[in-house]
Amino acid sequence: MTGRSKTNGQVGTCVVCGKRGYASKQTAKRAMKRLYPGDHQSVYRCGDVYHFGHLPMQVRSGKKSRSDVRESRRGWS
Ligand SMILES: [Zn+2]
């Protein structure tokens, strides 16, 4: 994949958070309006790309990832 498609400015998956990334604020905004018309979300920068969403502060601060804390269940034998 080249990630250079002109269709919607999408640049692929963000290496930082795994979300869909956009090349610029404008393209992110446009995609947001297209995908979620009427929904007010924010466009924010992450690494080299832009995302939109309801600002997941925990994710932004790097405190939490999608997978919860994994307790090691081994060692119970
Ligand atoms: Zn990201």
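*Asks:* When you look at the overall build of the protein chain in this model, what are you seeing that I'm missing?
*Replies:* Each helix and strand counted, the protein chain has two helices and four strands in total. When the helices and strands of the protein chain are listed from N to C terminus, the series reads β-β-α-β-β-α. Buried residues in the protein chain amount to 12% of all 77 residues. Contacts in the protein chain between residues far apart in sequence, at least 24 positions, make up 33% of those at least 6 positions apart.

*Asks:* Got a minute to help me understand the nonpolar core in this structure?
*Replies:* Proteins that are soluble and globular tend to have nonpolar side chains buried together. Counting seven residues, the largest nonpolar core is built from Tyr 22, Ala 28, Ala 31, Met 32, Val 49, Tyr 50 and Phe 52. Beyond its immediate stretch of four places on either side in the chain, Ala 31 contacts Asn 8, Gly 9 and Tyr 22.

*Asks:* In this structure, what is going on with the environment of Tyr 22? I would like to understand it.
*Replies:* In this structure, Tyr 22 sits in strand 2 (residues 20-22). The spatial distance from the C-alpha of Tyr 22 to the C-alpha of Val 11 is 5.3 Å, given a sequence separation of 11 residues. When near neighbours in sequence (up to four residues on either side) are disregarded, Tyr 22 contacts Gly 9, Gln 10, Val 11, Thr 27, Ala 28, Ala 31, Val 49 and Tyr 50.

*Asks:* What's the story with the confidence of the model for the protein chain in this structure? I'm lost.
*Replies:* The predicted structure's coordinates, where accompanied by low pLDDT, should not be read in detail. Per-residue confidence for the protein chain gives a mean pLDDT of 76, with 61% of residues at or over 70. Overall, residues 68-72 carries pLDDT values under 50, and its contacts beyond four positions in sequence, including any with other chains, amount to zero contacts.

Criteria and thresholds
Residues numbered from 1 in each chain as written. Predicted model: local features only at pLDDT ≥ 70, side-chain atom pairs only at ≥ 80, totals over all residues. Helix = DSSP H or I, 4+ residues; strand = E, 2+ residues; numbered from the N terminus. Buried ≥ 20, exposed ≤ 12 C-beta atoms within 10 Å, placed from the backbone. Contact = placed C-beta atoms within 7 Å. Core = buried A, V, L, I, M, F, W, Y, C linked by C-beta atoms within 7 Å. pLDDT = per-residue confidence, 0-100.

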